[in-house]
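Chain by chain, the residues run as shown.
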Amino acid sequence: MDNRINRFTIIGGGSAGWMAAGLLAATLNRRGDGPDVEITLIESPNIPIIGVGEATTLSTYESFAQMHLDEFDFLKHCDATFKSAVRFKGWDKFSDGTKSDYYHPFGAPPYLWGLAPAIHYHRRVKQGIVQPSFAHCMSRLPAMMDANRAPRNFEANYFEGIGKYSYHLDATLLGDYLKQFCTALGVTYISDDVVDVTLDERGYVAALALKEHGTHPVEFVIDCSGFRSLILRQALDEPFVPYGDHLLCDRALAVQVPHRPGAPLEPYTTSTALGGGWSWNVPLYSRRGTGYVFSSQFRDDDEAIEEFLAHLGEDGKNAEPRVIPLTIGRAQRSWVKNCLAVGLSSGFIEPLESTSIHLIQVAIRRFIDHLPGRDCSPVLIDRFNHLNREMYEDIRDFIAMHYAISNLDTPFWQAARADSVIPDRVRDRLEMWRHKIPSSLDQDIQNPLFSEWSFMYVLFGKRFFDGIDFPIESAVADSDFEEFQVDIRRAQQELLAKTPDHRTLLDQIHARQEPAWYRPDQEPVPIKG
């Protein structure tokens, strides 16, 4: 008997649902010699898309390349821009009266004679040698970002960057855009509400009752229904693991504001510390997406709005931020029997490092790697859930570390770094890094989103290592680092010579008239009941 799953049903649209459909269709159907699988996406016409996540990680670049999207067409129709880093502002106060301001860029530098150049940098700081910031000494990208350049040019092939990059994008427009891509690849689109879920004698999802279309049989279902988690947590009763004991922020304000006339278009996301949390700034082509992630223990909604609008100043004039409750944590298991939860139905971690869309894409790509038959082998399910749990906890701990080593003194920031709040692994790592520079051997999981260099960019940006003596320092030579710095400065100048102004490049892209092959003259029409 053929054990192949022939029909996948996706519940929910938005960026999670249509990303899942796109990766499945592009990977399983586009090149195979065998018969295509049927992919059906059922989207409620009555539930709005949250659409907060507008910044991405390198996984979005990789996923779009895997799907063979028309990159310029995507940029044009999703109001997208390029992103090469997160910039952190004001997360720490220093003894000289200044506040932290540093980049966490994509990518990593080479090692010098087997040792991280971070060791050389640290030794020179201790010697009192004046030098640029850690990120500027390790990477060529900060020079590009300081100049507001784009990390690719107009002439290069799609997904061929001069520097590493991903995107800022409008998440609602992305869902609409991927809908066109997916329907062109044969995905069936049904606009309807799921009113009931039928389980068989094994507890597998057997069918969905749709308000207009009646019974919809299920072989495998992907739950992209958002925080409701209609299938995984409601129908299958999967427990939820809250992260609120470690990450205190549980609400967000979101608003769109115009660009200032003549203002440059930054190729990076900005995170600015405020009294009860932090504010994001995501520069899109036509506007800025901005908001405030805060803790309801220390700010009620009115207080948060007042503080946020004061932070925006004139830019926030007449703005009316919407309030978004955040459910921080994850399902105990994201894959149960013949149901996989993706996106908010699986879990959510505050978007400090732009991980929401990353979690969607990695989940689907790992599911494809563990593609089951209709028996849904427990071996595959257990392995997937193990990897997924590791990924969530690793991201949680990386974000918790930002708070754990901040020295801001409002009640929120004091509570966020309390010993009882810091995860055990974060506490253990920080203690270890008081005796050694981070390395890849410190990682506990496979293929982490954040490498040892991510930790170093944050720790050096916060001056965590000030005053620490590392025995390994005697093994490095100043001459090696000086030569390395000559190479970095040369690479920075070459990058500046090759990269165009960010806004100028996007103006060129928006002036391009060639539509992508998968963009029809009219919007996709859902199947009617």
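Quick note: structure is the one above.
**Observations concerning the nonpolar core**
Then comes step 1: Counting 78 residues, the largest nonpolar core has Phe134, Met138, Met401, Tyr403, Leu430, Leu459 and Phe465 as the members making the most contacts within it.
Then comes step 2: At nine residues, the largest contribution of residues to this core is made by helix α11 (residues 378-404).
Then comes step 3: Not counting the four nearest positions on each side in its chain, methionine 401 is found in contact with Val426, Leu430, Trp433, Phe455, Val458 and Leu459.
Then comes step 4: Ile10, Leu178, Tyr204 and Ile357 belong to the second largest nonpolar core, which has 63 residues in total.

**Here we look at empty space enclosed by the protein**
Then comes step 1: Taken as a whole, this structure holds two cavities of 30 Å³ or more when the rule is applied.
Then comes step 2: For the second largest cavity, the calculated volume is near 40 Å³.
Then comes step 3: In terms of lining residues, the second largest cavity is bounded by Arg330, Ala331, Gln332, Arg333, Ser334, Asn385, Asn388, Arg389 and Tyr392.
Then comes step 4: Looking at the lining of the second largest cavity, the elements with two or more residues in it are β18 (329-331) and α11.

**Considerations on the pattern of salt bridges**
Then comes step 1: Summed over all chains, the structure comprises 35 salt bridges.
Then comes step 2: Notably, a salt bridge pairs arginine 260 with aspartate 315, separated by 2.9 Å at the nearest N-O pair. Residue arginine 260 is found in the loop between β13 (251-257) and β14 (269-274), and its partner aspartate 315 is found in the loop between α9 (301-312) and β17 (322-325); the two are separated by 55 residues along the sequence.
Then comes step 3: What emerges from the salt-bridge pattern is a single network uniting Asp394, Arg396, Asp397, Arg425, Arg429 and Asp444.

About the criteria used
Residues numbered from 1 in each chain as written. Predicted model: local features only at pLDDT ≥ 70, side-chain atom pairs only at ≥ 80, totals over all residues. Heavy atoms only, no water. Core = buried A, V, L, I, M, F, W, Y, C linked by side-chain atoms within 4.5 Å. Buried < 20%, exposed > 50% of the residue type's maximum accessible area, 1.4 Å probe, protein only. Helix = DSSP H or I, 4+ residues; strand = E, 2+ residues; numbered from the N terminus. Contact = heavy atoms within 4.5 Å. 1 Å grid on protein atoms, 1.4 Å probe; cavity = no way out; pocket = protein on both sides within 12 Å on 5 of 7 lines; lining within 4 Å. Points joined across faces, edges and corners; volume = space filled by probe spheres on them. Salt bridge = Lys/Arg side-chain N within 4 Å of Asp/Glu carboxyl O.

Everything listed is a geometric property; what it means functionally is a separate question.
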